[in-house]
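What follows is the residue order along each chain.
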Amino acid sequence: MTLLDFARGPALQWSLIILVTGIIWRIVGALLLSSRKDLSVARRKSGLNDGLGAIATRSLPAHTFEKRIRFQHVTGYAWHLALFVTVLFFGPHILFFESLLGFSWPALPNGIVLFSAAVALAILIALLIRRANHPVQKLISNADDYISVILCILPLLTGILAFAHIGGRYETLLAIHLLSIEALFIWFPFGKLMHSAMTFPARFQAGTSFGRKGIKA
Amino acid sequence: MRKDQNLGEYLRTQGVSRRGFLKFCSATASLMALPPSAVAQVAEALASARRPSVIWLSFQECTGCTESLTRSHAPTVESLIFDAISLDYHHTLQVASGEGAEEARHAAMEENDGEYLLVVDGSIPLGNPGYSTIAGISNLDMLKDTAKGAAAVIAVGTCAAFGGIPQAFPNPTGAVSVSDIITDKPIINVSGCPPIPVVITGVLAHFLTFGTIPELDHLGRPTAFFGQTIHDRCYRRPFYERGQFAHTFDDEGARKGWCLYELGCKGPTSYNACATVKWNEGTSFPIGSGHGCLGCSEPGFWDHGSFYKPISAGLWGSKETLLGAAAAGAALGIGSAMAARARKNKAIKESEADSS
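Quick caveat, the model's predicted, so the values are computed rather than measured.

(A) The arrangement of the overall build of chain B in detail. When its secondary structure is counted, chain B shows 14 helices and nine strands. Relative to the compact-globule value of 21 Å for 356 residues, chain B shows a C-alpha radius of gyration of 28 Å, a clear excess of over 25%. C-alpha atoms of chain B, sized along the principal axes, occupy 115 × 50 × 35 Å. Counting over 356 residues, chain B shows a buried share of 51%. Long-range contacts, defined here as pairs at least 24 residues apart, represent 76% of the contacts in chain B between residues at least 6 apart.

Right, dumping it as structure tokens:
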């Protein structure tokens, strides 16, 4: 079995099984956690609007901190946007998803995707350097942060190298690219990358809870 | 060709002009990635080359490799060079058979001990010696016996080079390649299913010119011919770069000659000279005909998943297994939540007991 066959076969199989099992485990576990019964009288009836409102307002920088967190905010949005374009609209990626899901969608030209990947990679490296040097960020970062960032950098880096055929034979680069994604899959449910599944439900829950207490989210 | 004739004399008798011969030498030197200054050396060495004795053994194969060489197209300089070798044993082509053929092989081995070239096409079955025999001799015994006195071994075709189709899962005959058995001789793997004729003659020309084997890659293939991927030299590569793909074999993209990556083309992972040398006197190659590369020059090409599955697609995609994983995750989630609740209730009770 070649390295590429291993990456496309058993490694993909087990990493996906771990990814799916882990994500569902954590989501179901979080949803079924008990909370103490709120015995206070509700200020008003809260619902969907409060939850969605919290998702919206917390997706924008808080007015008080706007200037101080502008850099993280802009780079955060740019990074996520670039990542989505790269992951979801590169032709070979769509073929990968099609092999798993059974359906596909139109791809973007390679030039746009390559630019997005380069932007995402540059932002992530800049944020990693900042995290390692900024006194506050350094203080609040743990191994999970660094592992998560590095595991996001590797697929972008190896993907660009594989696309451009730089640094080795294509089949080796492609295999390394796939293995780096599979490492990400395995880590995903157990680290901070799980925020991609938890963020919006958590904000929704906070919004409805605040609404009940009469707090504007 | 008479035994006392050299190659130059033989080619002249066949009507090949000096200009035509030099043109071939230039092309060969170019194909072998030699500098222009080497053309004269190639021409001189080839023109004065004496017929090297060649013994050709065919084992578990389909004769496609021999067909590729002998029926490729009208005689050309390279085919005449192929004719010019002393093919002393090739049981598919020779008139003699049985013991007569075996006597010819032994005679060639004795007369040219240590100097003959051994060409092998087909894989060697190890599962049972009786799976493939010639004149009652197993392929394994014949290969070992003939390789002893060979100057070098050329494994022609993917079966001889890497096991090929006979070795494909579940490999019922226990097929192996030449290099799995012969370890004490220089081996040149000229893979392909079938290999390109000019690559064979290029290797022969190199041997005739320099008396050595050409530079090989990590799979034992001449880097001059197998140094780049089909994708690297494909005329459809610009379409790949622009993200323009044929989605089916008869859509607009296919008609416009766009990249065949989505249709499973293995060009990006296949190393061969098809895209540059092409077939049938440089007429075309599979991608030129609208079909993706199968990657036939690579080890295990039959077992890398469907020929029509893109390289970036996983070789595994079982929705049932993923649903099972989701169910397992849900069970784990329920279990861990229940355990957390139990711990919480216990802590509350202990807290209430302490306060009372």
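Right, picking up where we left off after that structure.
(B) Summary view of the environment of B:Ser306. Residues and elements named next belong to chain B. As for its position among the elements, Ser306 is in the loop between α13 (274-277) and α14 (319-355). Note: C-alpha distance between Ser306 and Leu294 (12 residues apart in sequence) is 9.4 Å. A polar atom in the side chain of Ser306 sits 2.9 Å from the backbone nitrogen of Tyr308.

(C) Region of interest: the packing of helix α8 (residues 143-164) of chain A against helix α9 (residues 170-187) of chain A. Residues and elements named next belong to chain A. Packing of α8 against α9 brings their axes to within 9 Å, and their N-to-C directions diverge by 155°. With respect to each other, α8 and α9 are oriented roughly antiparallel. Crossing angle aside, the handedness with which α8 passes α9 is left-handed. From α8, Asp144, Ile147, Ser148, Leu151, Cys152, Leu154, Pro155, Thr158, Gly159, Leu161 and Ala162 reach across to α9, where they touch Tyr170, Leu173, Leu174, Ile176, His177, Ser180, Ile181, Ala183, Leu184 and Trp187. Counted by class, the contact of α8 with α9 contains 15 nonpolar, five polar and one charged residues.

(D) The arrangement of the nonpolar core in detail. All names here are of chain B. Ile154, Ile196 and Ile287 are the most contacted members of the largest nonpolar core, which totals 36 residues. Within the residue set of this core, elements represented by two or more residues are β1 (53-58), α4 (64-70), β3 (116-121), β7 (150-156), β9 (187-190), α9 (197-210), α10 (223-226) and α13. Both domains that meet at this core, namely domain 1 (51-226) and domain 2 (237-316), each give it at least three residues. The contact partners of Ile287, leaving out residues within four places of it in the chain, are Ile230, Cys234, Tyr235, Arg236, Leu260, Cys265, Gly292 and Cys293.

(E) How the structure looks around the pairing of β3(B). Residue and element names in this part refer to chain B. For β3, the buried fraction is high: six of the six residues fall into the buried class. With burial as the criterion, each face of β3 is covered, one bearing Tyr116, Leu118 and Val120 and the other bearing Leu117, Val119 and Asp121. Pairing geometry for β1 and β3, over five bridges, is parallel. Bridging across to β3, Val54 finds its partner in Leu117. Bridging between β3 and β7 involves six bridges; their strand directions are parallel. Bridged to Val119 within β7 is Ile154.

(F) Main features of the domain arrangement of chain B. All names here are of chain B. Domain boundaries assigned for chain B yield domain 1 (51-226), domain 2 (237-316) and domain 3 (322-356). A straight line from the C-alpha centre of domain 1 to that of domain 2 covers 28 Å. Of the residues lining the interface, 22 residues belong to domain 1; the matching set on domain 2 comes to 16 residues. With both sides pooled, the region where domain 1 packs onto domain 2 buries about 1,500 Å², and carbon together with sulfur makes up 68% of that total. Here domain 1 and domain 2 share one salt bridge between them. A salt bridge links Glu298 to Arg221, with the shortest nitrogen-to-oxygen separation between them at 2.9 Å. Connecting domain 1 to domain 2 are six residue pairs in polar contact (both at pLDDT 80 or more). For the side of domain 1 that touches domain 2, the secondary structure elements donating two or more residues are α8 (157-162), α9 and α10. When its residues are assigned to classes, the side of domain 1 that touches domain 2 shows 13 nonpolar, eight polar and one charged.

(G) Quick look at the interface of chain A and chain B. Between chain A and chain B, the residue contacts involve 35 residues of the former and 41 residues of the latter. Overall, the association of chain A and chain B removes approximately 3,500 Å² of surface from exposure, summing both partners, and the carbon and sulfur fraction of that is 62%. At the junction of chain A and chain B, the tally comes to zero salt bridges. Applying the counting rule to chain A against chain B returns 17 residue pairs in polar contact (both at pLDDT 80 or more). Residue assignment for the side of chain A that touches chain B shows that the elements contributing at least two residues are α1 (3-8), α2 (10-31), α5 (91-101) and α9 of chain A. Ranked by residues supplied to the side of chain A that touches chain B, first place goes to α2(A) with 10 residues.

(H) Here's a closer look at the sheet that holds β7(B). Residue and element names in this part refer to chain B. Here five strands make up an open sheet; going across it, the order is β2-β1-β3-β7-β9 and the pairing parallel. Single-partner strands in this sheet number two, and they are β2 (86-90) and β9. Averaged over all pairs of adjacent strands, the angle between their axes in this sheet comes to 20°, without regard to strand direction. Across the face of the sheet, helix α7 (residues 139-147) comes into contact with β1, β2, β3 and β7 while running at roughly 160° to β3.

(I) Examining a negative patch on the surface more closely. Residues and elements named next belong to chain B. The grouping of Glu110, Glu111, Asp113 and Glu115 at the surface amounts to a negative patch. With respect to the helices, strands and loops of the structure, Glu110 is situated in helix α6 (residues 98-111). The class for Glu110 is exposed, based on a relative accessible area of 68%.

(J) Structural detail: the packing of helix α4 (residues 70-89) of chain A against α5(A). Residues and elements named next belong to chain A. Close contact between α4 and α5 brings their axes to 6 Å; oriented N to C, the two are set at 65°. Counting all contacts with α4, which are made through Thr86, Val87, Leu88 and Phe89, the residues of α5 involved are Gly91, His93, Ile94 and Phe97. When the residues that make up the contact of α4 with α5 are grouped by side-chain class, the tally is five nonpolar, three polar and no charged.

The rules behind these values
- Residues numbered from 1 in each chain as written.
- Chains lettered and ligands numbered in written order.
- Predicted model: local features only at pLDDT ≥ 70, side-chain atom pairs only at ≥ 80, totals over all residues.
- Heavy atoms only, no water.
- Helix = DSSP H or I, 4+ residues; strand = E, 2+ residues; numbered from the N terminus.
- Rg over C-alpha atoms; globule rule 2.2 N^0.38 Å.
- Buried < 20%, exposed > 50% of the residue type's maximum accessible area, 1.4 Å probe, protein only.
- Contact = heavy atoms within 4.5 Å.
- Polar contact = N/O pair within 3.5 Å; in protein donor to acceptor, adjacent residues only side chain to side chain.
- Axes fitted to C-alpha atoms, helices over the stretch in contact; angles between N-to-C directions.
- Parallel < 35°, antiparallel > 145°, perpendicular 65-115°, else oblique.
- Left-handed = near helix turned anticlockwise from the far one by under 90°.
- Nonpolar A, V, L, I, M, F, W, Y, C, P; charged D, E, K, R; others polar.
- Core = buried A, V, L, I, M, F, W, Y, C linked by side-chain atoms within 4.5 Å.
- Domains from an automatic or database assignment.
- Pairing = 2+ DSSP bridges.
- Buried area = accessible area lost by both parts, 1.4 Å probe.
- Salt bridge = Lys/Arg side-chain N within 4 Å of Asp/Glu carboxyl O.
- Patch = residues over 30% accessible without salt bridge, like charges linked within 9 Å, V, L, I, M, F, W, Y side chains within 5 Å.
- Areas by Shrake-Rupley, 256 points an atom, 1.4 Å probe, with all protein chains shown as cover.
- Lys, Arg positive; Asp, Glu negative; His and termini not counted.
- Charge placed at Lys NZ, Arg CZ, Asp CG, Glu CD.

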